[in-house]
Amino acid sequence: MTPSPQTIVPDRYQTVPRTLSFITNGDDVLLLRGAPDKRIWPNLYNGVGGHVLPEEDVRTAAVREIQEETGLAVEDVRLRGVINIPVEEPNTGILVFVFTADVADRAVRPSEEGVPQWVPADRILELELVEDLPMLLPKVLAMGPEDPPFFALYQYDEQGVLRITFAD
């Protein structure tokens, strides 16, 4: 294997790539209720997603995560946004690539990550959601097929409250 000409520069901001996908079927959205023993967000509803592996592009990672966590084969996978989330480690963050996808077959299966559940879009805000979803998910679901991706920054204020800034 030929070494990469890219090198890691100490003290430069570095990110971990992740995917977050929202699958739709008609007016319903598939959300994953986190397993009770998950380290983060146990029992809370979220989209489907996870880490991007070194040998993957972000779209391939999104499709893989959907299949692993739900058993679904998705169609019409679209990039909807990119979120930068600085974390407590110095010069480190997470880049979340947000996707939507459609499915014709609603048959899902649980995974170690949790239980996928179809939820009517107009009932989502009644659920116990991961903290960013009440603001993020309505934005994503309102996007038309030709809308460009959004760009967002997540930051916590001094009181620990999440602040989401969307680029103009």
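Up top you'll find the structure we're talking about.
Definitions and limits used
Residues numbered from 1 in each chain as written. Predicted model: local features only at pLDDT ≥ 70, side-chain atom pairs only at ≥ 80, totals over all residues. Heavy atoms only, no water. Helix = DSSP H or I, 4+ residues; strand = E, 2+ residues; numbered from the N terminus. Rg over C-alpha atoms; globule rule 2.2 N^0.38 Å. Buried < 20%, exposed > 50% of the residue type's maximum accessible area, 1.4 Å probe, protein only. Lys, Arg positive; Asp, Glu negative; His and termini not counted. Charge placed at Lys NZ, Arg CZ, Asp CG, Glu CD. Contact = heavy atoms within 4.5 Å. Phe/Tyr/Trp six-rings, centres within 6.5 Å; stacked < 30°, edge-to-face > 60°. Lys NZ or Arg CZ within 6 Å of the ring centre and 35° of its normal. Core = buried A, V, L, I, M, F, W, Y, C linked by side-chain atoms within 4.5 Å. Pairing = 2+ DSSP bridges.

1. A look at the overall build of the protein chain
So, step 1. What the protein chain contains, in helices and strands, is two helices and nine strands.
So, step 2. From first element to last, N terminus to C terminus, the protein chain shows the α and β order β-β-β-β-α-β-β-β-α-β-β.
So, step 3. Its C-alpha atoms give the protein chain a radius of gyration of 16 Å, near enough to 15 Å, the size a compact globule of 168 residues would have.
So, step 4. In terms of overall dimensions, the protein chain has C-alpha extents of about 45 × 45 × 40 Å along its principal axes.
So, step 5. Counting the 168 residues in the protein chain, one finds 38% classified as buried.
So, step 6. In the protein chain, 14 positive and 28 negative side-chain charges are present, and the distance between their average locations comes to 1 Å.

2. Considerations on the environment of alanine 62
So, step 1. Mapping alanine 62 onto the fold places it in helix α1 (residues 58–70).
So, step 2. Setting aside residues up to four positions removed in sequence, alanine 62 forms contacts with Thr19, Ser21 and Phe99.

3. Considering the packing of aromatic side chains
So, step 1. Scanning the entire structure with this criterion turns up one aromatic pair.
So, step 2. Across from the ring centre of tryptophan 118, 4.6 Å away, lies the NZ or CZ of arginine 106, which sits over that ring.
So, step 3. Directly above the aromatic system of phenylalanine 166 lies the positively charged group of lysine 139, at a separation of 4.5 Å from the ring centroid.

4. Here's the deal with the side chain of arginine 64
So, step 1. Within the fold, arginine 64 resides in helix α1.
So, step 2. Leave out the neighbours within four places in its chain, and arginine 64 touches His51, Leu53 and Glu56.

5. Some words on the nonpolar core
So, step 1. Among the nonpolar cores identified, the biggest contains 22 residues, and Phe22, Leu31, Ile83, Leu136, Phe150 and Tyr154 are the most heavily contacted of them.
So, step 2. It is helix α2 (residues 133–141) that contributes the most residues to this core, four residues altogether.
So, step 3. Once residues within four sequence positions are removed from consideration, isoleucine 83 is found in contact with Ile94, Leu95, Val96, Val98, Leu136, Phe150, Ala152 and Tyr154.
So, step 4. Leu30, Leu32, Leu72 and Val82 belong to the second-largest nonpolar core, a separate cluster that totals 15 residues.

6. Details of the pairing of strand β1 (residues 14–25)
So, step 1. By the bridge criterion, 11 bridges tie β1 to strand β6 (residues 92–102) in an arrangement that is parallel. Residue pairing for β6: proline 17 is matched across the bridge by leucine 95.
So, step 2. Sheet topology places β1 next to strand β2 (residues 28–34); three bridges connect them, and they run antiparallel. Paired with asparagine 25 across the strands is aspartate 28, a residue of β2.
So, step 3. Taking the residues between adjacent antiparallel strands as the criterion, β1 and β2 are bridged by two residues, where glycine 26 takes a positive phi near 65°.

That is the geometry; function is a separate question.
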